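Summary of the model geometry
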Amino acid sequence: MANQQYWLMEFISISRIIKQAPAQYGKAYLYTETDDNDLTYFIIHQLEVIKKAINGLHEHLERKAAELHTIEKRLDGSALQGQLNHRQLAILLHALDHPNAIYSIQEHQAAHKISYQTARTDLLKLAD
């Protein structure tokens with residue numbers, strides 16, 4: 001699916017779901033082998049796994065949005081209110097949970113898939 005430009009597949013993990021119920025994966029595989037290689041069982045199983053993985057992604061995104069909302073609430077009334085982008089808010093949220101963490105331009109760049117200059121600007125603005 002990723003090869004066919006289904007971009008959402010980059011962000012879901014089916015291995016975690018399969019690992020939670022390996023017997024179901026095995027049964028789907030065995031049913032396929034014992035029924036003249038009819039892939040229907042396996043395809044149905046994989047579609048269920050993908051559905052669960054997509055639901056998991058939605059739950060993850062909801063949690064992250066709630067976390068960002070929490071940090072925005074903490075900034076209410078401060079000089080930073082409305083001044084930070086979502087990446088900078090994510091750094092602040094992480095820093096609140098990990099006060100001894102050290103942040104580098106390269107790590108910020110990789111974590112958010114942004115250019116070096118954007119990462120540098122984000123961190124410099126936070127430092128100010």
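Read on for an overview of the structure. Not measured: the values here are computed from a predicted model.

Our next topic: the nonpolar core. One finds Met 9, Ile 12, Ile 17, Ile 18, Val 49, Ile 50, Ala 53 and Leu 57 forming the largest nonpolar core, which totals eight residues. Breaking this core down by element, the ones donating at least two residues are α1 (14-20) and α3 (40-75). When residues of this core are assigned to their parent elements, the largest contribution, four residues, is made by α3. In contact with Ile 17, not counting residues within four places along its chain, are Val 49, Lys 52 and Ala 53. Judged by nonpolar contacts, the second largest core, of five residues, contains Ile 91, Ile 105, Ala 119 and Leu 123.

Residues Leu 39, Ile 43 and Leu 47 make up a contiguous nonpolar surface patch of roughly 290 Å² in combined accessible area. Relative to the elements of secondary structure, Ile 43 occurs in helix α3. Of the residues examined, Ile 43 reaches a relative accessible area of 46% and is grouped as partly exposed.

Mapping Arg 87 onto the fold places it in helix α4 (residues 86-97). Between the C-alpha atom of Arg 87 and that of Glu 67, which follows or precedes it by 20 residues, the distance is 12 Å. Polar side-chain contacts of Arg 87 include one of 2.6 Å to the side chain of Asp 122.

Two numbers describe how α4 lies on helix α6 (residues 116-127): the axes approach to 10 Å, and their chain directions differ by 55°. When the axis of α4 is compared with that of α6, the two are oblique. By crossing handedness, the relation of α4 to α6 is classed as right-handed. Each of Arg 87, Gln 88, Ile 91 and Leu 92 in α4 lies in contact with α6, whose residues at this interface are Thr 118, Thr 121, Asp 122, Leu 123, Lys 125 and Leu 126. The residue makeup of the contact of α4 with α6, split by class, is four nonpolar, three polar and three charged.

How each quantity is defined
- Residues numbered from 1 in each chain as written.
- Predicted model: local features only at pLDDT ≥ 70, side-chain atom pairs only at ≥ 80, totals over all residues.
- Heavy atoms only, no water.
- Core = buried A, V, L, I, M, F, W, Y, C linked by side-chain atoms within 4.5 Å.
- Buried < 20%, exposed > 50% of the residue type's maximum accessible area, 1.4 Å probe, protein only.
- Helix = DSSP H or I, 4+ residues; strand = E, 2+ residues; numbered from the N terminus.
- Contact = heavy atoms within 4.5 Å.
- Patch = residues over 30% accessible without salt bridge, like charges linked within 9 Å, V, L, I, M, F, W, Y side chains within 5 Å.
- Areas by Shrake-Rupley, 256 points an atom, 1.4 Å probe, with all protein chains shown as cover.
- Salt bridge = Lys/Arg side-chain N within 4 Å of Asp/Glu carboxyl O.
- Polar contact = N/O pair within 3.5 Å; in protein donor to acceptor, adjacent residues only side chain to side chain.
- Axes fitted to C-alpha atoms, helices over the stretch in contact; angles between N-to-C directions.
- Parallel < 35°, antiparallel > 145°, perpendicular 65-115°, else oblique.
- Left-handed = near helix turned anticlockwise from the far one by under 90°.
- Nonpolar A, V, L, I, M, F, W, Y, C, P; charged D, E, K, R; others polar.

The analysis is restricted to geometry; functional conclusions fall outside its scope.
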